[in-house]
Amino acid sequence: MNSPSKTSPPIRIGLGYDSHRLGRGGPVRVGGVDIPGDVHAIGHSDADVLLHAITDAILGSVCEQDIGRLFPNTDPDNRDRDSVDFLREAISRLHGKHYAIGNLDCVILAEAPKMAPHIDVMRSVIAETLGIEVDQISIKAKSGEGVGEIGSGLSIAARAVVLVHKV
Ligand SMILES: [Zn+2]
């Protein structure tokens, strides 16, 4: 059995969070899907909050450096980059440490556009990228109910938690 160290536990968890400012004019990229509407997320890469939160959760589960250090926004190579690339790097590092994903649970926080109709497509994109089944991925969407930066449509955020197990 491949084991990174004798003391490494059989299961671990990782937590990820991300937010981006919103600007006028759609679409907004969330979970690898371009969602039509009046806003887009502002960022150096494609500013996909959900994929960034998941990437950080996976990296964090095995104590790898976070997305900002692996893919600095000062690097021109990361400009407008497809965040699927970041996710691929994270899963490769996870496998390199001999862990695999058990399940992933996520929340998107956005006032608009509505995320719910696109969640199943996001799950398919993420499942394919990570090489796992759709039923290992849960994604929920919450509105800000008019309160704060998210509720007033100034920003979008996402949280993700992942459980990983030794293989
Ligand atoms: Zn981000």
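Residues numbered from 1 in each chain as written. Predicted model: local features only at pLDDT ≥ 70, side-chain atom pairs only at ≥ 80, totals over all residues. Heavy atoms only, no water.

Asker: Summarise the sheet that holds strand S5 (residues 99–109); cite the residues concerned and give the values.
Answerer: Taken in spatial order, the five strands make up an open sheet running S4-S1-S7-S5-S6, and their pairing is mixed. Strands with a single pairing partner mark the edges of an open sheet, and in this sheet they are strand S4 (39–42) and strand S6 (137–142). Put simply, the sheet's adjacent strands are angled 25 degrees from each other on average, direction ignored. In terms of strand pairing, S5 meets strand S7 (residues 155–166) through 10 bridges, oriented antiparallel. Bridge pairing in S7 links isoleucine 108 to alanine 158. Packed on one face of the sheet, helix H4 (residues 119–130) meets S5 and S6 and runs near 145 degrees to S6. (Pairing = 2+ DSSP bridges. Helix = DSSP H or I, 4+ residues; strand = E, 2+ residues; numbered from the N terminus. Axes fitted to C-alpha atoms, helices over the stretch in contact; angles between N-to-C directions. Contact = heavy atoms within 4.5 Å.)

Asker: Which residues make up the side chain of threonine 55, and what are the values?
Answerer: Within the secondary structure, threonine 55 is located in helix H1 (residues 49–61). At 2.7 Å, the side chain of threonine 55 forms a polar contact with the backbone oxygen of leucine 51. Dropping the residues within four chain positions of it, threonine 55 is found in contact with Ile67, Phe86, Leu87 and Ala90. (Polar contact = N/O pair within 3.5 Å; in protein donor to acceptor, adjacent residues only side chain to side chain.)

Asker: Explain the UniProt feature "domain: 2-C-methyl-D-erythritol 2,4-cyclodiphosphate synthase" (unreviewed entry) in the protein chain residue by residue, including any values.
Answerer: Annotation from UniProt places "domain: 2-C-methyl-D-erythritol 2,4-cyclodiphosphate synthase" (unreviewed entry) at residues 11–164. As a span, residues 11–164 carries 30% helix and 33% strand, and end to end its C-alpha atoms are 6 Å apart. (UniProt positions renumbered as here; feature names shortened; annotations may be inferred.)

Asker: Which residues make up the coordination of the zinc ion, and what are the values?
Answerer: Those protein atoms acting as donors to the zinc ion are Asp18 (OD), His20 (NE2) and His52 (ND1), and they sit at 2.0 to 2.1 Å. One chain supplies every donor for the zinc ion, spaced along it as D-x1-H-x31-H. Exposure remark for aspartate 18: the relative accessible area of 16% places this residue in the buried category. By relative accessible area, histidine 20 is classed as buried at 15%. (Donors = N, O, S within 2.8 Å, 3.2 Å for Na, K, Ca; no water. Buried < 20%, exposed > 50% of the residue type's maximum accessible area, 1.4 Å probe, protein only.)

Asker: If you had to explain H1 to someone new, which residues and values would you point to?
Answerer: Taking 1.5 Å per residue, 13 residues should reach 18 Å; H1 reaches 18 Å between its end C-alpha atoms and fits that length. For H1, the buried fraction is high: 12 of the 13 residues fall into the buried class. All buried positions along H1 are accounted for by Val49, Leu50, Leu51, His52, Ala53, Ile54, Thr55, Asp56, Ala57, Ile58, Leu59 and Ser61. Where H1 starts, the residue carrying a side-chain oxygen 3.2 Å from the main-chain nitrogen of leucine 50 turns out to be aspartate 48. (Expected span 1.5 Å × (residues − 1).)

Asker: So, H4: which residues are in play, and what are the values?
Answerer: Over its 12 residues, H4 extends 16 Å from the first C-alpha to the last, a length consistent with the 16 Å expected when each residue adds 1.5 Å. Along H4, the residues classified as buried are Ile119, Met122, Ile126, Ala127, Thr129 and Leu130. Viewed end-on, H4 has its buried residues packed into an arc of 165 degrees, placing them on one side of the element. When the buried face of H4 is taken as reference, the exposed residues oriented beyond 90 degrees from it are Asp120 and Glu128. The first or second residue beyond H4 is glycine 131, which carries a positive phi of 70 degrees. (Arc of directions from axis to C-beta.)

Asker: Provide a residue-level description of the layout of surface pockets, including the pertinent values.
Answerer: The calculated volume of the largest pocket comes to roughly 230 Å³. As for the largest pocket, its lining consists of 13 residues, and the residues nearest its centre are His44, Ser45, His52, Phe71 and Asn73. Of all elements in the fold, only strand S1 (11–24) and helix H2 (67–70) reach the threshold of two or more residues within the lining of the largest pocket. Here the lining of the largest pocket is composed, by residue class, of four nonpolar, eight polar and one charged. (1 Å grid on protein atoms, 1.4 Å probe; cavity = no way out; pocket = protein on both sides within 12 Å on 5 of 7 lines; lining within 4 Å. Points joined across faces, edges and corners; volume = space filled by probe spheres on them. Nonpolar A, V, L, I, M, F, W, Y, C, P; charged D, E, K, R; others polar.)

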